[in-house]
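A structural walkthrough
Listed below, chain by chain, are the residues.
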Amino acid sequence: MGLLTTGLPLSWEEILPYVDYIKEHGIAQFLSIYNKAKHREDNLFRWGDEIEYTIVKFDHEAKKVRVCLRGDEILKQLQAQAEVNDMMGTDNKTIWAPELCGYMIEGTPGHPYGALLACFNMVETNMIKRRKEVQKHLNEDEALMSMSFPALGALDFTYPPTKIDMKNSYGKSMWFSDEVIHQGHPRYTNLLRNINQRRGEKISINVPIFKDEKTPWPFTEEFECPEAKKNAKENHIYLDHLGFGPGCCCLQITFQTINMEEATWLYDQLAPITPIVVALSAATPIYRSYLADVDSRWDVISASADDRTAEERGIVPLKNSKFILDKARYACLSCYIHETSQPYNDIKVVYEDNILQKLIDEGVDEHVARHIAHMFIRDPIQVYKERLEQDDENATEHFETIQSSVWNNMRFKPPPSDNSSIGWRVEFRPTEVQLTDFENAAYCCFVVLLTRVIVSYNLVFVTNISTVNQNMRISQKRDAVLNEKFLFRNKLIRCEMTSDGKRKIPDKNEPSFETAEMSVNEIINGDGKEFPGLVPLIFQYLDEAETDVNTRETITQYLTFIQKRAAGEISTLAHWMRDFVQGHPKYAKDSHVPDETVYDMIKTMNEITDGTKECPKLLGDFKSKTEREVTSAVCRAEAAIVAAHEKSVVN
Ligand code: ADP
Ligand code: MG
Ligand code: MG
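Described below are features of the structure shown in this document. (Residues numbered from 1 in each chain as written. Chains lettered and ligands numbered in written order. Predicted model: local features only at pLDDT ≥ 70, side-chain atom pairs only at ≥ 80, totals over all residues. Heavy atoms only, no water.)

To continue, consider the coordination of the magnesium ion (ligand 3). Taken together, the protein ligands of the magnesium ion (ligand 3) are Glu50 (OE), Glu50 (OE), Gln252 (OE1) and Glu427 (OE), with distances of 2.1 to 2.7 Å. Binding-site remark: the magnesium ion (ligand 3) is held by donors from one chain whose sequence spacing is E-x201-Q-x174-E. The distance between the magnesium ion (ligand 3) and the magnesium ion (ligand 2) comes to 3.9 Å, and Glu50 binds to both of them. With Glu50 in strand β1 (residues 46–59) and Glu427 in strand β13 (residues 425–428), the pair connects residues that are 377 residues apart, well separated along the chain. In this structure Glu427 comes out as buried when scored by relative accessible area, which is 2%. (Donors = N, O, S within 2.8 Å, 3.2 Å for Na, K, Ca; no water. Helix = DSSP H or I, 4+ residues; strand = E, 2+ residues; numbered from the N terminus. Buried < 20%, exposed > 50% of the residue type's maximum accessible area, 1.4 Å probe, protein only.)

Our next topic: unusual backbone geometry. Following Tyr159, the chain continues into Pro160 via a peptide bond in cis, with omega recorded as -5 degrees. Locating Pro160 in the fold gives a position in the loop between β6 (158–159) and α5 (186–199). For Lys63, which is not glycine, the phi torsion reads 50 degrees and is therefore positive. Positionally, Lys63 belongs in the loop between β1 and β2 (64–68). Unlike most non-glycine residues, Lys172 shows phi in positive territory, near 55 degrees. Mapped onto the secondary structure, Lys172 falls in the loop between β6 and α5.

Here we come to the site of ligand 1. Neighbouring ligand 1 are 14 residues; Asp49, Glu50, Gln256, Lys413 and Glu427 lie closest to it. Note that a nitrogen atom of ligand 1 is positioned 2.8 Å from one of the side-chain N or O atoms of Gln256. Lys413 places a side-chain nitrogen or oxygen 2.9 Å from an oxygen atom of ligand 1. With the chains in place, 77% of the 570 Å² that ligand 1 exposes on its own is no longer accessible. Of all elements in the fold, only β1, β9 (251–256) and β13 reach the threshold of two or more residues within the shell around ligand 1. (Near = heavy atom within 4 Å. Polar contact = N/O pair within 3.5 Å; in protein donor to acceptor, adjacent residues only side chain to side chain. Areas by Shrake-Rupley, 256 points an atom, 1.4 Å probe, with all protein chains shown as cover.)

Under the definition given, this model contains 44 salt bridges. The salt bridge involving Asp379 is made with Lys23; its shortest N-O contact spans 2.9 Å. With Asp379 in the loop between α11 (366–375) and α12 (397–403) and Lys23 in helix α2 (residues 19–37), this residue pair connects regions lying 356 residues apart in the sequence. The exposure class assigned to Asp379 is buried, which follows from its relative accessible area of 10%. (Salt bridge = Lys/Arg side-chain N within 4 Å of Asp/Glu carboxyl O.)

Attention now goes to the layout of surface pockets. In this model, the largest pocket occupies a volume close to 1,300 Å³. Considering the residues around the largest pocket, the lining is formed by 48 residues, among which Glu50, Glu106, Thr254, Lys413 and Arg425 are closest to the centre. Of all the secondary structure elements, the ones that give two or more residues to the lining of the largest pocket are β1, β3 (94–97), β4 (104–109), α5, β9, α12, β12 (410–413) and β13. Sort the elements by how many residues they give to the lining of the largest pocket and β1 lands first, with six residues. Taken together, the residues that form the lining of the largest pocket break down as 22 nonpolar, twelve polar and 14 charged. (1 Å grid on protein atoms, 1.4 Å probe; cavity = no way out; pocket = protein on both sides within 12 Å on 5 of 7 lines; lining within 4 Å. Points joined across faces, edges and corners; volume = space filled by probe spheres on them. Nonpolar A, V, L, I, M, F, W, Y, C, P; charged D, E, K, R; others polar.)

Residues of helix α10 (residues 353–361) that are buried include every one of Ile355, Leu356 and Leu359, and no others. Here the buried residues of α10 occupy an arc of 100 degrees about the axis, which is enough to place them on one side. Opposite its buried face, α10 presents the exposed residues Asp353, Asn354 and Asp361, each directed more than 90 degrees away. Each element contacted by the buried residues of α10 is listed here: α2 and α11. Where α10 ends, the next residue or the one after it, Gly363, has phi of about 95 degrees, a positive value. (Arc of directions from axis to C-beta. Contact = heavy atoms within 4.5 Å.)

Structural data, given as structure tokens:
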């Protein structure tokens, strides 16, 4: 989650007098990046994944599992090893970073992957390596799990225990102590403090509860806390702390594009795909040990990080705030940025006119300018006292502090700075993390290859942006992959290329613009009519590309797995977890998941992760191909491409 600067983080009150100053310089910094990079060409596809993990601790005697707050301790050990490797000239194959909660840790590959399809043989291997590296530092009763912990906020859910202090904490939660937030760097507690301070009251999240045979109906809980009394909705699981949101884990994928135009275009084409992947990766059906009526965490995170004031939320008339804002800063995106997607921008976005004008006057593409100006309606919430004054030509922190704290399903990432080997990128952010490395590799492979297909065949997926937002809401429903329909383009359309090499989407009024209600299965596997399906399109691309037999076999496994999930032949993790709970002897069919059920479930999930338990319901009969080491020839070929590219950038 963004910048890790050293320094004294400012409270929201301390930031307030500098808000306009930081935005002004953030925009100046963006302009500097933009002007240096606007014509940049990187003839090199690159990509990388980020996986968030939860560390748990089993208490086998009490049949209880807790989150283990040793994330920072383990992270420091991993980073110390990485430093030793650097000194010894040993290549680091992994990178470790802190995450919002003390029981979390984020792992990425040591280097981004390249364009060679043979890279897909390295992805899962690297994920396995990551897991092993952490496991070396775990105690016997601890486990590293790529999942969202279902009992966050339940009684005594942390190890070591943490104290609830509703009066003197920043979060003021009834269930989630501020001590659970990562303590190794002040930025995390500061984020919590500032989100709450800016909002002016504590966080309030309502997740629809799943109604089972014996769920008391209407479902209500008695609260003494006045905010909960006011905000908790009937038939909902009430949550009240930032940690409930980003404390759930996710999988993100970043791709580098050839140039800015391709980045804006890919950003737009992938946006309509994001809800489909939310439904397909659903893995978060339980909150505070209650079964929810949703399968994914998206809206929960959105509400957990909602720093809008009461005025901005439209609850009281505007007085001190500038705008009424329809969405929190963590939300589905509201505008496309490629020129030819503009007719599909049917949501009114707010921005400050002077910021938009400044960007346009300085030569920024009008639509990119609108995206940036819209992002800059959010205030900086992470500012360091020592770093207020910056050289806007070379520093990027005031831009990044806004950019990295507006969390949408897609992110448009300009190159970090001049002379960097990193180019224009987009990030695909909605995917729920999966239990096994095989699954996580499969989702990465699917999304990354889809980008190749979109770029190679110039495919068009944009539909009205309001439709994408509506699909995002639908995608989180219980068993959306099986039961829901999404408005999606049901005809394959290619964009035209104009004489200056830019893409142009056919006119919205042409007959080719058509959407239909489609299931995830129809979107992924084809509707048997005109839409061939995303995975068959990828197979077509692979048939035309050069791949060795091994790679093709690996990719085929991943894609076939995705196809079966989409067809409902293999369960999502959310579905599997519901089944487990509902079949557990200790579950009383009242929507509440007892500790012992959570314990048995997570123990089973851990066995599935480490491969000691087979689980065809969740994984089919797929076998990981991880014993296969990537041939050194592939590594050498990759390295040569990267080296040649870096040379060309320097020149
Ligand atoms: P953030 O947390 O802001 O999304 P990170 O710096 O943690 O960003 O990196 C995100 C991902 O970007 C990692 O998976 C990394 O492997 C990948 N990555 C790094 N360099 C490149 C590049 N040049 N092109 C594409 N992806 C890259
Ligand atoms: Mg990251
Ligand atoms: Mg990221």
